[in-house]
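Chain and residue survey
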Amino acid sequence: MTLLLVLVGGAVGASARYLTDLAVRSRFDPVLPLGTLSVNVAGSALLGLIAGLGGSLPGWIGSLVGVGFCGALTTYSTFSNETVQFARGGARLYALLNIALTLGAGLTVAALGWHIGRTL
């Protein structure tokens, strides 16, 4: 059953990532990969909230949403690739900005989500 929950959550998370990236690219012409940034930040916030809620949630929620959905929604491999492409292309400032924004915002919202989950 756990495997099925992870698979379903992953299918929804991967689809959400793809659709989010399409929506961001259609509305903006960003220099930085804002689609990747937005899904990583959203996934970090949600995973922080789930972690903060901890034992108050049924165990299947962690498999479905935490592992499956958040695991497929976030894409730190794409973030890494985009950052390396900036650096290789000579845009080292953009590479550093991408790192700072992604990691800074991701860690901040994960901590905030965790704090909110603990107080609920």
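Bear in mind the structure is a predicted one, so any value in this text is a computation, not a measurement.

Turning our attention to the UniProt feature "binding site: Na(+)" (unreviewed entry) in the protein chain. The sites that carry the UniProt feature "binding site: Na(+)" (unreviewed entry) are, in the present numbering, Gly-71 and Thr-74. By the secondary structure assignment, Gly-71 is in helix α3 (residues 59-73). Here Gly-71 falls in the partly exposed class, since its relative accessible area comes to 46%. Topologically, Thr-74 is positioned in the loop between α3 and α4 (76-88). Looking at Thr-74, the relative accessible area reads 18%, which means it is buried. Apart from the residues lying within four places of it in its own chain, the contact partners of Thr-74 are Arg-17, Val-39, Asn-40, Gly-43 and Ser-44. Of the polar contacts made by the side chain of Thr-74, one reaches the backbone oxygen of Cys-70; its length is 2.8 Å.

The next thing to look at is the packing of helix α1 (residues 2-27) against helix α2 (residues 34-53). In contact at an axis separation of 8 Å, α1 and α2 are set at 135° when each is read in the N-to-C sense. Taken together, the axes of α1 and α2 are oblique relative to one another. Crossing of α1 against α2: the hand is right-handed. Every residue of α2 that contacts α1 at Arg-17, Thr-20, Asp-21 and Val-24 is listed here: Leu-34, Gly-35, Thr-36, Ser-38 and Val-39.

Attention now goes to a nonpolar patch on the surface. Residues Tyr-76, Leu-96, Ile-99, Leu-103 and Leu-107 make up a contiguous nonpolar surface patch of about 460 Å² in total accessible area. Element by element, the count of residues in the nonpolar patch is highest for helix α5 (residues 92-119), at four residues. Within the secondary structure layout, Ile-99 lies in helix α5. For Ile-99, a relative accessible area of 32% translates into the label partly exposed.

Under the local residue numbering, the UniProt record ascribes the feature "transmembrane region" (unreviewed entry) to residues 32-53, 60-79 and 91-114. The span residues 60-79 carries 90% helix and 0% strand; its end-to-end C-alpha distance comes to 29 Å. End C-alpha atoms of residues 91-114 are separated by 34 Å, and the span's content is 96% helix alongside 0% strand.

It is worth spelling out the pattern of salt bridges at this point. What the rule picks out here adds up to one salt bridge. Close ionic contact of Asp-21 with Arg-25 constitutes a salt bridge, the shortest N to O distance being 2.8 Å. Placement of both Asp-21 and Arg-25 in helix α1 is noted, with a separation of four residues, approximately one turn of the helix. Residue Arg-25 is classed as exposed on the basis of its relative accessible area, which comes to 53%.

With 15 residues, α3 ought to run about 21 Å at 1.5 Å a step, and its terminal C-alpha atoms sit 20 Å apart, in line with that. Where α3 is buried, its residues touch α1 and α2.

Reading the values: rules and limits
- Residues numbered from 1 in each chain as written.
- Predicted model: local features only at pLDDT ≥ 70, side-chain atom pairs only at ≥ 80, totals over all residues.
- Heavy atoms only, no water.
- UniProt positions renumbered as here; feature names shortened; annotations may be inferred.
- Helix = DSSP H or I, 4+ residues; strand = E, 2+ residues; numbered from the N terminus.
- Buried < 20%, exposed > 50% of the residue type's maximum accessible area, 1.4 Å probe, protein only.
- Contact = heavy atoms within 4.5 Å.
- Polar contact = N/O pair within 3.5 Å; in protein donor to acceptor, adjacent residues only side chain to side chain.
- Axes fitted to C-alpha atoms, helices over the stretch in contact; angles between N-to-C directions.
- Parallel < 35°, antiparallel > 145°, perpendicular 65-115°, else oblique.
- Left-handed = near helix turned anticlockwise from the far one by under 90°.
- Patch = residues over 30% accessible without salt bridge, like charges linked within 9 Å, V, L, I, M, F, W, Y side chains within 5 Å.
- Areas by Shrake-Rupley, 256 points an atom, 1.4 Å probe, with all protein chains shown as cover.
- Salt bridge = Lys/Arg side-chain N within 4 Å of Asp/Glu carboxyl O.
- Expected span 1.5 Å × (residues − 1).

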